[in-house]
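Each chain, written out:
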Amino acid sequence: MLETIWFALWGVLWAVYFMLDGFDLGAGALLPFLAKNEDEKRTIYHATGPFWDGNEVWLITAGGVTFAAFPLAYAVMFSSLYSALMLILFCLIIRGVAMEYRGKLEGHSWRDGWDWLLFISSALPALLFGVAFANIFQGIPIDIEHIYRGSLFTLLNPYGLLGGLLFLCLFLYHGALWLGIKAGGELKERAQRTAKILWVPLLILAVVFLVATWFATNLYANYLTYPVLWVLPALAVAGLLATRLFLQQGAAWKSWFASSAVVVGATLFGVAGLYPNLLPSSIDPKASLTVVNAASSPLTLKIMLGVALVMVPVVIAYQVWVYHLFRHEVTPDDLAYEEGY
Amino acid sequence: MEVLILSRLQFAAATFFHFLFVPLTLGLSILVAIMETKWVRSGDEEYKRMAKFWGKLFLINFGLGLVTGITLEFQFGTNWSRYSAYVGDIFGSLLAIEATAAFFLESTFIAVWIFGWERISPKLHCVAIWLVAFAGTLSAYWILAANAWMQHPVGYVMRNGRAELANFFDVITQRFAVIEFVHTVSGAYILAGFFVMGISAYHLLRKREVSFFTKSFRIALVFALVFSLFEVVQGHFNGGEVAEAQPSKLAAMESHWKTQKMAPMYLLQVPNLSGDGNLIEWIPIPGALSILAYGDPHAEVKGLSDFKPEDRPPVFLTFISFRIMVGLGMLFVLLTVWGFLIRKKLLDNPKYLRIMMLAIPLPYIANEAGWMVAEVGRQPWIVWGLMRTSDAVSPVDPTQVAVSLIAFILFYGLLGVVAFWLMARFAKKGPEPLPAAQG
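Since this is a predicted model, take the numbers as computed values, not measurements.

Undergrad: Quick question: what am I supposed to make of the overall build of chain B here?
TA: Counting its regular elements, chain B contains 13 helices and eight strands. In terms of overall size, chain B behaves like a compact globule, its C-alpha atoms giving a radius of gyration of 23 Å where 439 residues would be expected to give roughly 22 Å. Counting only C-alpha atoms and orienting by the principal axes, one finds that chain B spans roughly 80 × 50 × 40 Å. Counting every position in chain B, which comprises 439 residues, the buried fraction comes to 61%.

Undergrad: What is the right way to read the overall build of chain A from this model?
TA: Tallying secondary structure elements over chain A gives 14 helices and two strands in all. Whereas a compact globule of 341 residues would reach a radius of gyration of roughly 20 Å, chain A reaches 20 Å, a difference of no more than 12%. Dimensions of chain A, computed from the C-alpha atoms along their principal axes, are close to 60 × 40 × 35 Å. Taking all 341 residues of chain A together, 64% fall into the buried category. Across chain A, the fraction of contacts at a sequence separation of at least 24, relative to all contacts at a separation of at least 6, is 80%. When the accessible surface of chain A is split by element, carbon and sulfur atoms take 72% of a total near 12400 Å². Side-chain charges of chain A comprise 18 positive and 22 negative groups, with the mean position of each set lying 6 Å from the other.

Undergrad: What am I meant to see in the environment of L165 of chain A here?
TA: All names here are of chain A. Considering the arrangement of structural elements, one finds L165 in helix α8 (residues 158–182). Overall, L165 belongs to the partly exposed group, its relative accessible area being 43%. Distance in space between the C-alpha atoms of L165 and A206 is 9.8 Å, their sequence separation being 41 residues. Residues within four places of L165 in sequence aside, it is in contact with L127 and L205.

Undergrad: Sorry, what's going on with the interface of chain A and chain B here?
TA: How big an interface is tends to be stated in terms of accessible area lost as the parts join. Residue-level contacts link 63 residues of chain A with 73 residues of chain B. For the pair chain A and chain B, the summed buried surface comes to about 6000 Å²; carbon and sulfur atoms form 76% of the total. One can count 17 residue pairs in polar contact (both at pLDDT 80 or more) joining chain A with chain B. Every element with two or more residues in the side of chain A that touches chain B is listed here: α3 (52–69), α4 (71–80), α5 (82–101), α6 (108–138) and α13 (298–325) of chain A. The leading source of residues in the side of chain A that touches chain B is α3 of chain A, at 14 residues.

Undergrad: Help me understand a nonpolar patch on the surface in this model?
TA: Residues and elements named next belong to chain A. Together, V207, V211, W214, F215, L224 and W230 make up an exposed nonpolar region whose accessible area comes to about 680 Å². The greatest single-element share of the nonpolar patch, amounting to four residues, is contributed by helix α9 (residues 185–216). In this fold, L224 is placed in helix α10 (residues 220–225). L224 sits in the exposed class, given a relative accessible area of 58%.

Undergrad: Would you explain the pattern of salt bridges in this entry?
TA: Side-chain pairs of opposite charge can arise whenever the charged atoms involved come near each other. Overall, the coordinates contain 24 salt bridges over all chains when judged by the stated rule. Residue E38 of chain A is joined to R102 of chain A by a salt bridge in which the shortest nitrogen-to-oxygen separation is 2.9 Å. With E38 of chain A in helix α2 (residues 38–48) and R102 of chain A in the loop between α5 and α6, this pair connects stretches of sequence that are 64 residues apart. Note on E38 of chain A: relative accessible area 31%, which makes it partly exposed. Put simply, K215 of chain B and E46 of chain B hold a salt bridge, and the shortest N to O gap is 2.8 Å. In this pair, K215 of chain B sits in helix α7 (residues 210–245) while E46 of chain B sits in helix α2 (residues 45–78), placing the two residues 169 residues apart along the sequence. The class of K215 of chain B is partly exposed, set by a relative accessible area of 27%. Given a relative accessible area of 16%, E46 of chain B falls into the buried group. Each of E38, K41, R102, R111, D112 and D115 of chain A takes part in one network of salt bridges that share partners.

Undergrad: Honestly, the side chain of S139 of chain B in this entry has me stumped. Any pointers?
TA: Take S139 of chain B: it is sitting in helix α4 (residues 122–151). Among all residues touching S139 of chain B, those that are not within four sequence positions of it are E98, A102 and E106 of chain B.

Undergrad: Looking at this model, I keep getting lost on the packing of aromatic side chains. Mind explaining?
TA: Here the distance between the centres and the angle between the planes together describe a pair of aromatic rings. In the structure shown here, the tally under the stated rule is 77 aromatic pairs over all chains. Each ring, one from F33 of chain A and one from F119 of chain A, has its centre 5.6 Å from the other, and the planes form 80 degrees; the classification is edge-to-face. A residue pair is termed long-range when its members are at least 10 positions apart, and F33 of chain A in helix α1 (residues 2–34) and F119 of chain A in helix α6 qualify at 86 residues. Ring plane angle 70 degrees and centroid distance 5.2 Å describe the contact between F408 of chain B and Y412 of chain B, whose orientation is recorded as edge-to-face. Taken together, the residues F408 of chain B and Y412 of chain B, both in helix α13 (residues 398–429) and four residues apart, mark about one turn of the helix. Of the two residues, F408 of chain B and Y412 of chain B, neither departs from the other in class, the shared state being buried. Directly above the ring of W199 of chain A sits R244 of chain A, whose terminal nitrogen or CZ lies 5.9 Å from the centroid. The ring of F307 of chain B has K302 of chain B sitting right over it, with the charged end atom 4.5 Å from the ring centre.

Undergrad: Help me understand the UniProt feature "transmembrane region" (unreviewed entry) in chain A, please; the structure alone is not making it clear to me.
TA: All names here are of chain A. When the UniProt feature table is mapped onto this chain numbering, "transmembrane region" (unreviewed entry) sits at residues 12–35, 81–101, 113–136, 156–176, 197–216, 228–247, 256–279 and 299–321. In the segment residues 156–176, helix accounts for 90% and strand for 0%; the C-alpha atoms at its two ends are 27 Å apart. The distance from the first to the last C-alpha atom of residues 197–216 is 29 Å, and the span holds 100% helix and 0% strand.

Undergrad: Hey, could you run me through the nonpolar core in this one?
TA: Within soluble globular proteins, side chains that are nonpolar generally end up buried alongside one another. Ranked by size, the top nonpolar core spans 269 residues in total, and within it F70 and Y101 of chain A together with W54, Y83, F195 and F217 of chain B carry the most contacts. Excluding residues within four positions of it along the chain, Y101 of chain A makes contact with W110 and W114 of chain A together with I60, L64, V418, A419 and L422 of chain B. Counting residues in hydrophobic clusters, the runner-up holds twelve residues, among them V242, A243, L289 and V301 of chain B.

Undergrad: What is the right way to read the side chain of N367 of chain B from this model?
TA: Residues and elements named next belong to chain B. Inspection of the secondary structure puts N367 in helix α12 (residues 361–376). Its relative accessible area of 10% is what places N367 among the buried residues. At a separation of 3.3 Å, a polar atom in the side chain of N367 contacts the main-chain carbonyl oxygen of G187. In contact with N367, other than residues within four places in its own chain, are F19, P23, T184, G187, A188 and L191.

Undergrad: Help me understand the pairing of strand β5 (residues 278–285) of chain B, please; the structure alone is not making it clear to me.
TA: Residue and element names in this part refer to chain B. As defined by bridge partners, strand β4 (residues 265–271) adjoins β5 across six bridges and the pair is classed as antiparallel. Paired with Q269 across the bridge in β5 is E281. Following β4, the chain reverses through six residues before pairing antiparallel with β5; G275 in that reversal takes a positive phi of roughly 70 degrees.

Undergrad: Which parts of the structure should I look at to understand the packing of α1 of chain A against α13 of chain A?
TA: How two helices sit against one another is set out by the angle between their axes and by the gap between those axes. Residue and element names in this part refer to chain A. In the contact formed by α1 and α13, the axes pass within 11 Å of each other and the chain directions differ by 25 degrees. The angle between the axes of α1 and α13 places the two elements in the roughly parallel class. Crossing geometry of α1 relative to α13 is assigned as left-handed. Residues L2, E3, I5, W6, L9, L20 and F23 of α1 lie in contact with α13, whose contacting residues are P298, L301, K302, M304, L305, A308, Q319 and Y323.

Undergrad: Looking at this model, I keep getting lost on a positive patch on the surface. Mind explaining?
TA: Residue and element names in this part refer to chain B. Residues R206, R208, R354 and K428 make up a contiguous surface patch of positive charge. You can see R208 is positioned in the loop between α6 (175–205) and α7. Here R208 falls in the partly exposed class, since its relative accessible area comes to 35%.

Undergrad: Sorry if this is basic, but what is going on with α2 of chain A here?
TA: Along an α-helix, residues three or four apart share an orientation, since each turn contains 3.6 residues. Residues and elements named next belong to chain A. Buried residues dominate α2, accounting for eight of its eleven residues. Every buried residue of α2 is listed here: E40, R42, T43, I44, Y45, H46, A47 and T48. Structurally, the start of α2 carries an N-cap: the backbone nitrogen of D39 is 3.2 Å from a side-chain oxygen of N37.

Undergrad: Where do I start with the confidence of the model for chain A in this structure?
TA: Do not read the fine detail of predicted coordinates wherever pLDDT is low. A residue-level look at chain A finds 99% of positions with pLDDT of 70 or above and a mean pLDDT of 92. Put simply, helix α14 (residues 332–336) of chain A is where chain A has its lowest mean pLDDT, 80, and α8 of chain A is where it has its highest, 96.

Undergrad: What exactly am I supposed to notice about the confidence of the model for chain B here?
TA: Scored by pLDDT, chain B has a mean of 91; 99% of the residues are at 70 or more. Predicted complex, confidence summary: ipTM 0.90, pTM 0.92.

Reading guide: rules and limits
Residues numbered from 1 in each chain as written. Chains lettered and ligands numbered in written order. Predicted model: local features only at pLDDT ≥ 70, side-chain atom pairs only at ≥ 80, totals over all residues. Heavy atoms only, no water. Helix = DSSP H or I, 4+ residues; strand = E, 2+ residues; numbered from the N terminus. Rg over C-alpha atoms; globule rule 2.2 N^0.38 Å. Buried < 20%, exposed > 50% of the residue type's maximum accessible area, 1.4 Å probe, protein only. Contact = heavy atoms within 4.5 Å. Areas by Shrake-Rupley, 256 points an atom, 1.4 Å probe, with all protein chains shown as cover. Lys, Arg positive; Asp, Glu negative; His and termini not counted. Charge placed at Lys NZ, Arg CZ, Asp CG, Glu CD. Buried area = accessible area lost by both parts, 1.4 Å probe. Polar contact = N/O pair within 3.5 Å; in protein donor to acceptor, adjacent residues only side chain to side chain. Patch = residues over 30% accessible without salt bridge, like charges linked within 9 Å, V, L, I, M, F, W, Y side chains within 5 Å. Salt bridge = Lys/Arg side-chain N within 4 Å of Asp/Glu carboxyl O. Phe/Tyr/Trp six-rings, centres within 6.5 Å; stacked < 30°, edge-to-face > 60°. Lys NZ or Arg CZ within 6 Å of the ring centre and 35° of its normal. UniProt positions renumbered as here; feature names shortened; annotations may be inferred. Core = buried A, V, L, I, M, F, W, Y, C linked by side-chain atoms within 4.5 Å. Pairing = 2+ DSSP bridges. Axes fitted to C-alpha atoms, helices over the stretch in contact; angles between N-to-C directions. Parallel < 35°, antiparallel > 145°, perpendicular 65-115°, else oblique. Left-handed = near helix turned anticlockwise from the far one by under 90°. pLDDT = per-residue confidence, 0-100.

What follows is the structure, given as structure tokens:
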């Protein structure tokens with residue numbers, strides 16, 4: 001029971017992480033395409049500046065919870081995906097530094113350099129997270145000793161790449177919507193136009209992914225056994241339709257919330273299908289890591305549950321407050337009055 | 001074997017680099033918070049400028065401390081997967097709680113502080129930086145409790161082929177954790193104090209913004225003085241703790257080979273590089289080591305010869321690092337006491353100011369040396385007495401680790417240069433000039 005609760009929380013943590021960091025990764029990846037001048041570039045940095053840091057802690061927490069609640073899964077997952085994770089790690093470091101350092105000095109080459117680094121280090125993790133998760137859904141070649149029998153290129157299979165493209169497109173869309181809220185003037189319009197264009201490939205990728213999942217993974221088995229679970233992919237699909245509708249009506253916030261529902265629904269769709277596996281083995285079902293064989297002791301799970309039940313609502317409360325505090329459009333005043341962004 | 005060495009080097013590089021930024025984050029956040037509090041209380045704009053100037057340096061440093069911390073968390077899984085699976089039940093939960101209870105707070109309110117100057121009241125803004133400071137220190141406690149558990153595992157049972165939690169309270173309140181926390185955090189506060197004093201000295205020597213930098217200097221001086229004194233006294237008790245819990249580490253710190261009562265220390269002692277004895281032992285002070293370790297000259301101190309060679313930590317590195325740390329710690333007391341005596345006439349003492357300017361790197365060296373003692377001295381164990389480092393490493397392809405190690409070194413090297421160059425640039429530039437008086 002405790003294991004199952006933690007499995008659900010584990011899925012939720014990843015979903016929240018993708019929902020939040022998804023938009024700032026997307027916005028960073030859109031920077032070279034959307035911003036036409038220095039002010040617009042700085043607007044994009046300002047649009048994500050107050051949030052990216054707190055968003056990234058959801059990743060650290062998701063990682064930490066994997067470590068704490070399912071140590072064996074953490075160990076095998078992270079060592080199997082070694083190179084992919086290292087790439088993500090380098091990107092996250094570069095991104096953080098680009099955010100903090102770009103505005104510190106004037107010079108053209110300084111700022112252009114950081115802009116390119118921000119672009120790469122935002123787009124690549126979006127893609128790689130998708131590749132990693134699609135591979136987890138599909139199962140990876142781990143043997144009974146829990147040793148990974150593949151390489152980085154094993155992960156770059158068609159289904160993995162499809163997952164990567166889906167995530168990338170989803171985050172770009174999510175980020176464009178965010179800029180549609182936070183930016184003003186022409187940049188706002190350009191961002192919303194871009195979102196409308198991105199919605200089409202996103203829809204196609206989502207449909208292809210849902211179909212490919214039938215053939216490439218075992219995820220639907222749970223859905224056939226427990227039909228109530230269909231509510232999760234339904235949430236994603238409904239969100240996908242709603243977000244476009246709201247966008248048409250010019251309801252920027254609603255559109256972004258609907259797109260958040262897509263991210264959460266899509267992540268939980270995979271996670272619910274995965275249960276009771278955390279990391280299925282593609283070569284030997286007995287080698288799969290499950291909530292049973294990978295879980296921590298009941299005492300650890302209990303204590304952590306207590307901490308989570310107390311702390312996570314507090315975290316959500318102050319993060320909501322911060323989002324509320326900085327919900328306004330970025331204005332020329334904000335750009336003039338700045339602390340280095 | 002290859003993966004082991006590469007992974008150890010990589011973890012060493014990652015920790016070393018991470019800890020170039022963490023101490024300043026811990027200490028400077030408090031100093032900035034003190035300055036901002038003075039502004040809120042007195043309304044004196046000079047304190048606001050101080051909070052902004054030191055805050056800018058704080059932020060350049062903060063970002064790197066944060067992102068390089070993620071590396072460490074990831075590496076337990078990527079490079080030390082057998083360790084993660086073996087102790088995740090305890091160690092992992094401490095990291096997860098740290099993220100939930102402290103890291104969120106720090107990362108969220110730093111943004112409020114950066115972007116909130118014009119959007120919230122000064123009081124609330126000041127609360128934000130105190131929350132950042134508090135969360136940073138709280139974060140340190142969880143991380144150090146996790147490290148203390150590797151040094152001195154308690155509150156666990158061996159079950160299902162791994163260490164499982166038996167008593168959470170014991171894990172987070174054990175003496176080792178408390179002492180390690182106090183020692184590390186004080187070291188960090190000293191570093192921040194010397195950082196502020198050193199940069200202030202640079203400007204005072206040039207007679208620039210004299211009032212601004214005199215005030216900054218004095219705030220940092222009191223801060224650094226208190227913690228330097230505290231650190232020396234407290235460090236002594238650490239010695240006793242290590243003697244009991246980790247006798248082979250203590251013996252390596254002193255390069256002490258023969259188990260004996262009235263164990264001596266030497267005025268000059270040099271271990272040989274091969275790590276099997278001393279090259280030079282001059283002028284023994286009988287019983288000094290026994291007193292240091294157990295507070296009793298007749299106490300028996302176990303020597304390295306009584307440990308099997310495979311159970312001994314690398315002696316030379318532990319010994320030298322320990323001496324660097326202790327020597328510098330004493331020097332910090334001297335420098336801060338000297339500064340306190342002349343605090344009213346800093347400008348008349350250019351020699352002192354010049355020394356303080358040059359002293360900026362010293363607490364960095366002391367902090368890193370302290371970690372060398374703690375971590376190198378813990379070898380060959382990753383968890384003392386429970387798991388050897390060599391059994392902890394991931395079963396991964398050495399090429400991957402070699403590539404990532406090279407990438408880390410190049411990448412971190414470059415980032416370090418940029419970060420310190422930026423800090424130096426803004427430090428030298430000094431605070432923003434006062435806005436022209438209005439109407």
